[in-house]
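# Results of the structural survey
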2 protein chains.
Amino acid sequence: MSKQELVVLGQEEQEEGDCRPTLLSAPLGEEHAVELAKVFKALGDPVRLRLLSMIASRAGGEICVCDLTPAFDLSQPTISHHLKLLRQARLIDCERRGTWVYYWLLPEATDKLADMLTRPGQPAAVETSS
Amino acid sequence: MSKQELVVLGQEEQEEGDCRPTLLSAPLGEEHAVELAKVFKALGDPVRLRLLSMIASRAGGEICVCDLTPAFDLSQPTISHHLKLLRQARLIDCERRGTWVYYWLLPEATDKLADMLTRPGQPAAVETSS
């Protein structure tokens, strides 16, 4: 395998429009794989997927933690732990306002994953600005 | 939260073009979240991501396990274990021919993930042109 290819992918150079590498178009470099695996691991849990979908689909773009917790038969600390893992993967961000914490999606993260999973030759999920 | 929405998402009805739900457009149902989390969990490991990218990007569409193993400082049984997890997630399939096993991508799986991660209003990863 060409070392050259691995280096290019590891640098996350995604500015070249149709020519940018995806997970499916060229062997993934080791460092890049480690970074990307962290994000997929954060998505690899049903509670976190449901939390992410509730946050992402919320009209207005953000949701109070007080509206997330009642949807689950889980304690507040458990929900907070899952939210923390989504934040650490940079899929969501949050801000405390008074008593409550409000969460919102970081769409550039999901856009990037969608692009990485798009087959070469298929249009990217999202146009990148060059 | 509306039970109705959860049921629709759980049935994986994705045939309705622009109207199909994604992870980002509506709260994900519990059963669907469990299924989807299994696939993301399979992707949540750097070795498996590298294996998947090597398989997916191979010219000709398939790759011999004998060409995968040398790229890793891991034993053959460890590589086989990772490949088995990717197969169980239905991301790849394989066939034994003589001494060796050959692997290929199941692109409908990655297409589905790309679609699930595409924001409402953005073109789907597959089937639209920009």
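Residues numbered from 1 in each chain as written. Chains lettered and ligands numbered in written order. Predicted model: local features only at pLDDT ≥ 70, side-chain atom pairs only at ≥ 80, totals over all residues. Heavy atoms only, no water.

### Overview of the relation of the copies chain A and chain B
- Overlay of chain A on chain B (RMSD 0.0 Å): rotation 180°, translation along the axis 0.0 Å. Both copies of the chain, as the preceding transformation shows, are related through a two-fold rotation axis.
- Most of the interface of chain A is mirrored in chain B, where 100% of its interface residues again form contacts. (Least-squares fit on C-alpha atoms with pLDDT ≥ 70 in both. Contact = heavy atoms within 4.5 Å.)

### Describing the pattern of salt bridges
- Applying the stated criterion to the full structure yields 12 salt bridges over all chains.
- Between Arg-119 of chain B and Asp-111 of chain A there is a salt bridge, with its nearest N and O atoms 2.3 Å apart. Separated into two different chains, Arg-119 of chain B in the segment after helix 6 (107–116) and Asp-111 of chain A in helix 6 (residues 107–116) make up a pair that spans both.
- Here Asp-111 of chain A falls in the buried class, since its relative accessible area comes to 9%.
- A salt bridge links Glu-95 of chain B to Arg-97 of chain B; the nearest nitrogen and oxygen atoms lie 2.7 Å apart.
- Of the residues examined, Glu-95 of chain B reaches a relative accessible area of 38% and is grouped as partly exposed. (Salt bridge = Lys/Arg side-chain N within 4 Å of Asp/Glu carboxyl O. Helix = DSSP H or I, 4+ residues; strand = E, 2+ residues; numbered from the N terminus. Buried < 20%, exposed > 50% of the residue type's maximum accessible area, 1.4 Å probe, protein only.)

### Structural notes on the side chain of His-82 of chain A
All names here are of chain A.
- Along the chain, His-82 falls in helix 5 (residues 76–88).
- Using a relative accessible area of 10% as the deciding quantity, one classes His-82 as buried.
- In this structure His-82 touches Asp-45, Val-47, Arg-48 and Leu-51, once residues within four positions along its chain are discounted.

### Considerations on the side chain of Thr-110 of chain A
- With respect to the helices and strands, Thr-110 of chain A occurs in helix 6.
- Exposure remark for Thr-110 of chain A: the relative accessible area of 0% places this residue in the buried category.
- Setting aside residues no more than four positions away along its own chain, Thr-110 of chain A makes contact with Leu-91 and Leu-105 of chain A together with Leu-24 and Leu-117 of chain B.

### Considering the packing of aromatic side chains
- In total, this model carries one aromatic pair over all chains according to the counting rule given.
- Pairing Phe-40 of chain A with Phe-40 of chain B gives two aromatic rings, centres 6.0 Å apart and planes at 20°, and the pair type is stacked. With one member in each of two chains, Phe-40 of chain A in helix 2 (residues 30–43) and Phe-40 of chain B in helix 2 (residues 30–43) form a pair that bridges those chains.
- Given a relative accessible area of 0%, Phe-40 of chain A falls into the buried group.
- Over the face of the ring belonging to Tyr-102 of chain A we find Arg-97 of chain A, whose NZ or CZ atom lies 4.7 Å from the ring centre. (Phe/Tyr/Trp six-rings, centres within 6.5 Å; stacked < 30°, edge-to-face > 60°. Lys NZ or Arg CZ within 6 Å of the ring centre and 35° of its normal.)

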